Amino acid sequence: MTNRVFDVAVIGGGLHGLSAAMHLCRAGKRVVVLERAWVGRHASGATAAGVRTLNRDLGELDLALESMDMWHRIKSLVGDDCGFQPYGQICVAEQSDNLVKLEGRVTKLRGMGYQHEAIIDGHELRRLVPAISPHCIGGSISRGDGAADPHRTLAAFRRSAELAGAVIREGCGVRDIERSGQDWSLQLAGPAVSGQHASISVPFVVNAAGAWSGRIAAMVGDEIPLGTKASMMIVTERLAPMIKPVVSIMGRSLSFKQSDQGTLVIGGGLQGVPDLDDESSAVRLGILSKGARAATDLFPCVRNVRMVRVWSGLEAKTADLLPVVGPAVNAPGVFHAFGYSGHGFELVPVVGATLADLIVGGTTRRAIGGLNAQRLMRSQTGHDVKS
Ligand SMILES: Cc1cc2nc3c(=O)[nH]c(=O)nc-3n(C[C@H](O)[C@H](O)[C@H](O)COP(=O)(O)OP(=O)(O)OC[C@H]3O[C@@H](n4cnc5c(N)ncnc54)[C@H](O)[C@@H]3O)c2cc1C
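What you see is a predicted model; the values in this text were computed from it and never measured. (Residues numbered from 1 in each chain as written. Predicted model: local features only at pLDDT ≥ 70, side-chain atom pairs only at ≥ 80, totals over all residues. Heavy atoms only, no water.)

## Structural notes on the sheet that holds strand 15 (residues 255-258)
Link 1 in the chain: Judged by pairing direction, the sheet is mixed, and its eight strands sit side by side in the order 5-6-4-14-15-16-13-19 without closing on themselves. Whereas interior strands pair on both sides, the edge strands pair on one side only; in this sheet they are strand 5 (118-121) and strand 19 (307-317). Taking the axes of each pair of neighbouring strands and ignoring which way they run, one obtains an average angle of 25° across the sheet.
Link 2 in the chain: Docked against the sheet, helix 5 (residues 96-111) engages strand 4 (89-93), strand 5 and strand 6 (138-142), running at close to 145° with respect to strand 5.
Link 3 in the chain: Most of the contacts of helix 9 (residues 285-298) go to strand 13 (residues 227-238), to which it runs at about 50°, and overall it touches strand 4, strand 13, strand 14 (246-249), strand 15, strand 16 (263-267) and strand 19. (Pairing = 2+ DSSP bridges. Helix = DSSP H or I, 4+ residues; strand = E, 2+ residues; numbered from the N terminus. Axes fitted to C-alpha atoms, helices over the stretch in contact; angles between N-to-C directions. Contact = heavy atoms within 4.5 Å.)

The structure is reproduced here in structure tokens:
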């Protein structure tokens with residue numbers, strides 16, 4: 001008989017792994033987080049940390065709305081407000097055809113009973129964002145959205161997970177997983193792995209391995225086709241306060257906000273070059289310049305602002321851009337949580353709670369019906385996911 005030390009092994013020390021560990025420990029499970037590098041090394045440390053329900057796919061909207069409620073009381077969940085500033089997110093229309101598209105979405109949402117998005121005209125847009133270029137004619141807004149501080153968020157979720165009892169092992173990668181009776185035996189490798197700790201046996205596994213989650217899934221028999229994103233970011237020198245909401249543009253790649261420190265943080269999904277084997281990604285300055293152009297088109301006053309740093313971060317992308325959250329198809333006791341396709345930060349509080357529901361109670365009331373792994377495995381013969 002195995003003398004188990006842990007009930008659950010969470011693979012991946014990003015925000016989703018930490019959130020799952022925190023919720024599981026609070027529900028009474030003994031949890032170890034296995035992180036190949038260090039906590040926050042990949043997407044969760046590179047993120048723009050936008051907390052957005054605006055323009056969310058309907059397939060994850062209910063989950064995102066519940067997560068937004070959790071963000072609004074994040075201090076009670078993790079003991080820190082994570083720098084969350086609910087100043088709203090706005091999607092700006094530059095031309096009337098784009099405003100018509102945004103109006104169509106808001107009308108559709110209202111018809112379905114959702115009230116969180118609204119249309120604003122040019123006057124209201126300029127009231128909320130005085131620095132916006134005069135050519136912008138309006139947009140859609142979700143007033144309860146906002147952005148957080150990614151590093152405070154990481155620190156708060158890590159601290160909360162550890163306070164709840166989670167053991168976090170950094171420098172400890174999972175290189176193979178085998179069935180061993182009713183348990184899963186995880187083979188470990190890495191700088192922090194010594195002989196006696198080179199494997200671990202647990203009845204439950206959470207696959208929160210970010211860009212590498214497809215490899216973990218394959219170890220337990222789930223072949224899930226995934227692409228890889230290497231989203232790029234720009235941060236500028238500090239400026240006097242000029243904008244509070246997070247701004248994007250309909251039809252172009254831009255996310256534009258100002259941090260507490262005054263720096264502009266500019267992203268929006270422009271892609272660098274991913275290298276999963278090397279666990280790295282590279283910035284493509286030529287592509288990134290399109291983001292800078294979109295930013296200066298929208299905010300002419302930042303034309304001469306200096307960029308201070310650029311970076312990119314790795315994440316898994318699914319064919320329908322929705323995450324996989326739920327049980328593995330071919331591996332009892334294994335649960336997937338990955339494939340956020342560039343917008344998983346907002347979902348961190350709720351997905352961890354959902355995994356705890358599934359592992360502790362065997363079911364969840366939360367809206368993950370359309371996020372199962374089967375949908376992507378079925379599409380395997382149809383098409384691949386482009387990176
Ligand atoms: C540049 C950028 C900007 C973004 N902006 C936003 C935004 O504004 N709003 C939003 O909602 N989302 C945003 N996202 C997405 C969001 O950051 C991610 O969805 C989220 O951080 C994913 O967290 P995670 O824990 O799943 O993955 P990660 O943080 O990548 O964590 C996965 C961890 O698993 C570890 N791992 C992998 N393989 C193994 C193994 N075999 N053994 C042990 N450990 C392993 C990795 O080292 C990694 O630390 C952005 C992402 C990027 C890259």
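Now that the structure has been shown, the text picks up again.
## A few points about the domain arrangement of the protein
A common way to report how large an interface is uses the accessible area buried once the components associate.
Link 1 in the chain: Taken domain by domain, the protein comprises domain 1 (8-48 + 151-226 + 320-381) and domain 2 (89-143 + 227-316).
Link 2 in the chain: The straight-line distance from the C-alpha centre of domain 1 to that of domain 2 is 30 Å.
Link 3 in the chain: Every contact between the two is made by 18 residues of domain 1 and, on the other side, 14 residues of domain 2.
Link 4 in the chain: Of the roughly 1,400 Å² buried at the junction of domain 1 and domain 2 (both faces included), carbon and sulfur atoms supply 52%.
Link 5 in the chain: Linking domain 1 with domain 2 are two salt bridges. (Domains from an automatic or database assignment. Buried area = accessible area lost by both parts, 1.4 Å probe. Salt bridge = Lys/Arg side-chain N within 4 Å of Asp/Glu carboxyl O.)

## A closer look at the sheet that holds strand 10 (residues 183-189)
Link 1 in the chain: Ordered in space as 9-10-11, the three strands form an open sheet in which the pairing is antiparallel. Two strands lie at the open edges of the sheet, namely strand 9 (173-180) and strand 11 (199-202), each paired on one side alone. Taken pair by pair, the neighbouring strands of this sheet meet at an average axis angle of 25°, ignoring direction.
Link 2 in the chain: For strand 9 and strand 10, the ladder comprises seven bridges, and the chain directions are antiparallel. Bridge pairing in strand 10 links Asp176 to Gln187.

## Overview of the environment of Gly262
Link 1 in the chain: Among the secondary structure elements, Gly262 is positioned in the loop between strand 15 and strand 16.
Link 2 in the chain: Given a relative accessible area of 5%, Gly262 falls into the buried group.
Link 3 in the chain: Separated by 21 residues in the primary sequence, Gly262 and Pro241 have C-alpha atoms spaced 6.1 Å apart.
Link 4 in the chain: With residues up to four places along the chain from it excluded, the contact list for Gly262 reads Glu237, Arg238 and Leu239. (Buried < 20%, exposed > 50% of the residue type's maximum accessible area, 1.4 Å probe, protein only.)

## What to know about unusual backbone geometry
Most peptide bonds adopt trans geometry, and most residues besides glycine take a negative phi value.
Link 1 in the chain: Located in the positive-phi region is Ala49, a residue other than glycine, with phi close to 65°.
Link 2 in the chain: Among the secondary structure elements, Ala49 is positioned in the loop between helix 2 (43-46) and strand 3 (50-51).
Link 3 in the chain: Despite not being glycine, Leu321 shows a phi value in the positive range, around 65°.
Link 4 in the chain: Considering the arrangement of structural elements, one finds Leu321 in the loop between strand 19 and strand 20 (324-327).
Link 5 in the chain: You can call Leu321 partly exposed: its relative accessible area is 39%.

## Concerning the nonpolar core
Link 1 in the chain: In this structure, Leu24, Trp71, Val78, Phe157, Val206 and Val351 are the most contacted members of the largest nonpolar core, which totals 50 residues.
Link 2 in the chain: The set of elements that each furnish at least two residues to this core consists of strand 1 (8-11), helix 1 (15-26), strand 2 (31-35), helix 3 (58-72), helix 4 (74-78), helix 7 (150-163), strand 21 (334-338) and helix 10 (348-361).
Link 3 in the chain: With eight residues, helix 10 is the single largest residue contributor to this core.
Link 4 in the chain: Leu24 has contacts with Val8, Lys29, Val31, Val206, Leu355, Ala356, Ile359 and Val360, leaving out every residue within four places of it along the chain.
Link 5 in the chain: One finds Leu125, Ile132, Met232 and Ile266 within the second-largest nonpolar core, a separate group that totals 26 residues. (Core = buried A, V, L, I, M, F, W, Y, C linked by side-chain atoms within 4.5 Å.)

## Considerations on the packing of aromatic side chains
Link 1 in the chain: Applying the stated criterion to the full structure yields three aromatic pairs.
Link 2 in the chain: On the numbers, 5.3 Å between centres and 25° between planes, the contact of Trp71 with Phe345 is stacked. Note that Trp71 is positioned in helix 3 and Phe345 in the loop between strand 21 and helix 10, a separation of 274 residues in sequence. Judged on exposure class, the residue Trp71 and its partner Phe345 are both buried.
Link 3 in the chain: Ring centres of Phe256 and Phe299 lie 4.1 Å apart, and the angle between their planes is 20°; on these two criteria the pair is classed as stacked. Of the two residues, Phe256 sits in strand 15 while Phe299 sits in the loop between helix 9 and strand 19, which places them 43 residues apart along the sequence. (Phe/Tyr/Trp six-rings, centres within 6.5 Å; stacked < 30°, edge-to-face > 60°.)

## A short note on the site of the ligand
Link 1 in the chain: Of all residues adjacent to the ligand, which total 35 residues, the nearest are Glu35, Ser44, Gly50, Val174 and Glu315.
Link 2 in the chain: Taking Glu35, its side chain carries an N or O atom lying 2.6 Å from an oxygen atom of the ligand.
Link 3 in the chain: The protein chains hide 95% of the 1,000 Å² of surface that the ligand would expose on its own.
Link 4 in the chain: Counting residues per element, the ones that place at least two in the shell around the ligand are helix 1, strand 2, helix 2, strand 9, strand 13 and strand 19.
Link 5 in the chain: It is helix 2 that provides the largest number of residues to the shell around the ligand, a total of three residues.
Link 6 in the chain: Residues belonging to the shell around the ligand are distributed by class as follows: 16 nonpolar, 15 polar and four charged.
Link 7 in the chain: Per-domain counts for the shell around the ligand show at least three residues from each of domain 1 (8-48 + 151-226 + 320-381) and domain 2 (89-143 + 227-316). (Near = heavy atom within 4 Å. Polar contact = N/O pair within 3.5 Å; in protein donor to acceptor, adjacent residues only side chain to side chain. Areas by Shrake-Rupley, 256 points an atom, 1.4 Å probe, with all protein chains shown as cover. Nonpolar A, V, L, I, M, F, W, Y, C, P; charged D, E, K, R; others polar.)

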